[in-house]
Amino acid sequence: MSLTFDQIQRIRARLPGWEADWGQLCVLLLGEDCESGTLVRAVNRLRIKWPTSYGSAGSQDASFREGTERDDFIGTMMLDYHERACNGTLLSSYDSNLGDVVAFLTSRRTLYIEAVKFLSSLPHRRPVGRGKEESLEDAVGADDAILAARPTDDESTAESARLIDRLQEELPLKIEQSKRITRIIEQAAIQCYPRMEWSRPSLQRLRQHLIDVLRTTPDGGCELAALQEAHRAANQEYQQRLDRISAKIDNCGRGVSVRRRERLEKRHAKLSFEQLLLPLGALVVAELLGITKADAAQRRSRYWRRLADLLPEIRAAFDARKR
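The text that follows walks through the structure, step by step, so that each part is easy to find. (Residues numbered from 1 in each chain as written. Predicted model: local features only at pLDDT ≥ 70, side-chain atom pairs only at ≥ 80, totals over all residues. Heavy atoms only, no water.)

## Some words on the packing of helix H14 (residues 282–289) against helix H15 (residues 293–305)
- It is the contact of H14 with H15, at a shortest axis distance of 8 Å, that shows an interaxial angle of 110°. Relative to H15, the element H14 lies roughly perpendicular. By crossing handedness, the relation of H14 to H15 is classed as right-handed. For the pair H14 and H15, contact is made by Ala282, Leu283, Val285, Ala286 and Leu289 and by Lys293, Ala296, Ala297, Arg299 and Arg300, respectively. (Axes fitted to C-alpha atoms, helices over the stretch in contact; angles between N-to-C directions. Helix = DSSP H or I, 4+ residues; strand = E, 2+ residues; numbered from the N terminus. Parallel < 35°, antiparallel > 145°, perpendicular 65-115°, else oblique. Left-handed = near helix turned anticlockwise from the far one by under 90°. Contact = heavy atoms within 4.5 Å.)

See the structure below:
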């Protein structure tokens, strides 16, 4: 049995009793025996060939230790989850309409990316006398070697995480300083909805504003659920576009010219930034707000132009990535 809505809300806002709810979530992820939980099973199913550890050189224990890196990775993920739970950011972007909370935390794509980054941080080196250095390409499955070698994907993921952190700090401050919710702030909330920490008290006024201005779905569904679904679809489309650019950079493992690689990486960075801060197109915004496409396009454009005023650090980061 997964967590209830109340338990999720307690963890999000770190309300009294959240530690017990977090403990229950840990059991779901690891299992009572730390071997049968959803996270463990998901990691075991990843198409990754985990490297074998050896005893340290000169020690009495020079035996193979199968699965050590995999177990270390699971421990690293749980530590990350714990730190984010303590900071109140673990479930900030989770929406119950998109599935179970445990499935949200054990997404195959997310775990794969994190596993590749984890492996790339290891020395992958056998002790002296045991053979040549083991490469990252040897450490991951052959079918995934090209994907694992994409530094731009990992760098983009890390940079996006830093931008989200900045967003969650900058936008609430702007809202607190503003006497009213302007169309610029409204558009920022619509475009950045999944990235926001809505449990923060300073964002409750903005959240209610969204409920008031968004159209109810034709079937009478929740306004915020429709917004979340729009983001899910947009994110899927952006990810496909980013994957196509990454494939061009890889060129089936053969690489491309320096100039073309630079152009593709700039395009990848720009698209990643748009995915973060401007994922919803004019037509989608028009449907969500019940306005004309021309009006929606104007609101999006005005928000984009004012981004430097609204979120100066984030805009500065974007300008730096374009150069």
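## Considerations on helix H13 (residues 258–277)
- Taking 1.5 Å of rise per residue, 20 residues should cover 28 Å, and H13 covers 29 Å from first to last C-alpha, within 8% of that figure.
- Of the positions making up H13, those classed as buried are Leu264, His268, Ala269, Leu271, Ser272, Phe273, Glu274, Gln275, Leu276 and Leu277. (Expected span 1.5 Å × (residues − 1). Buried < 20%, exposed > 50% of the residue type's maximum accessible area, 1.4 Å probe, protein only.)

## Looking at the layout of surface pockets
- Considering only enclosed or pocket space, the second largest pocket measures out at about 460 Å³ in volume.
- Gln9, Arg12, Tyr94, Tyr193 and Arg207 are, among the 22 residues lining the second largest pocket, the residues nearest its centre.
- Of all the secondary-structure elements, those providing two or more residues to the lining of the second largest pocket are helix H1 (5–13), helix H11 (204–213) and helix H12 (223–250).
- With five residues, H1 is the single largest residue contributor to the lining of the second largest pocket.
- Split by residue class, the lining of the second largest pocket holds ten nonpolar, nine polar and three charged. (1 Å grid on protein atoms, 1.4 Å probe; cavity = no way out; pocket = protein on both sides within 12 Å on 5 of 7 lines; lining within 4 Å. Points joined across faces, edges and corners; volume = space filled by probe spheres on them. Nonpolar A, V, L, I, M, F, W, Y, C, P; charged D, E, K, R; others polar.)

## Description of the environment of proline 51
- Examined against the element boundaries, proline 51 turns out to sit in the loop between helix H3 (38–45) and strand S1 (53–54).
- A residue is classified by how much of its surface remains accessible, and proline 51, at 7% relative accessible area, is buried.
- Sequence-wise, proline 51 and leucine 119 are 68 residues apart; in three dimensions their C-alpha atoms are separated by 8.7 Å.

## Let's talk about a positive patch on the surface
- A cluster of basic residues, Arg241, Arg244, Lys248, Arg259, Arg260, Arg263 and Arg267, forms a positive patch at the surface.
- Listed by contribution, the elements that provide at least two residues to the positive patch are H12 and H13.
- Ranked by residues supplied to the positive patch, first place goes to H13 with four residues.
- If you trace the backbone, arginine 267 turns up in helix H13.
- By relative accessible area, which is 43% here, arginine 267 ends up partly exposed. (Patch = residues over 30% accessible without salt bridge, like charges linked within 9 Å, V, L, I, M, F, W, Y side chains within 5 Å. Areas by Shrake-Rupley, 256 points an atom, 1.4 Å probe, with all protein chains shown as cover. Salt bridge = Lys/Arg side-chain N within 4 Å of Asp/Glu carboxyl O. Lys, Arg positive; Asp, Glu negative; His and termini not counted. Charge placed at Lys NZ, Arg CZ, Asp CG, Glu CD.)

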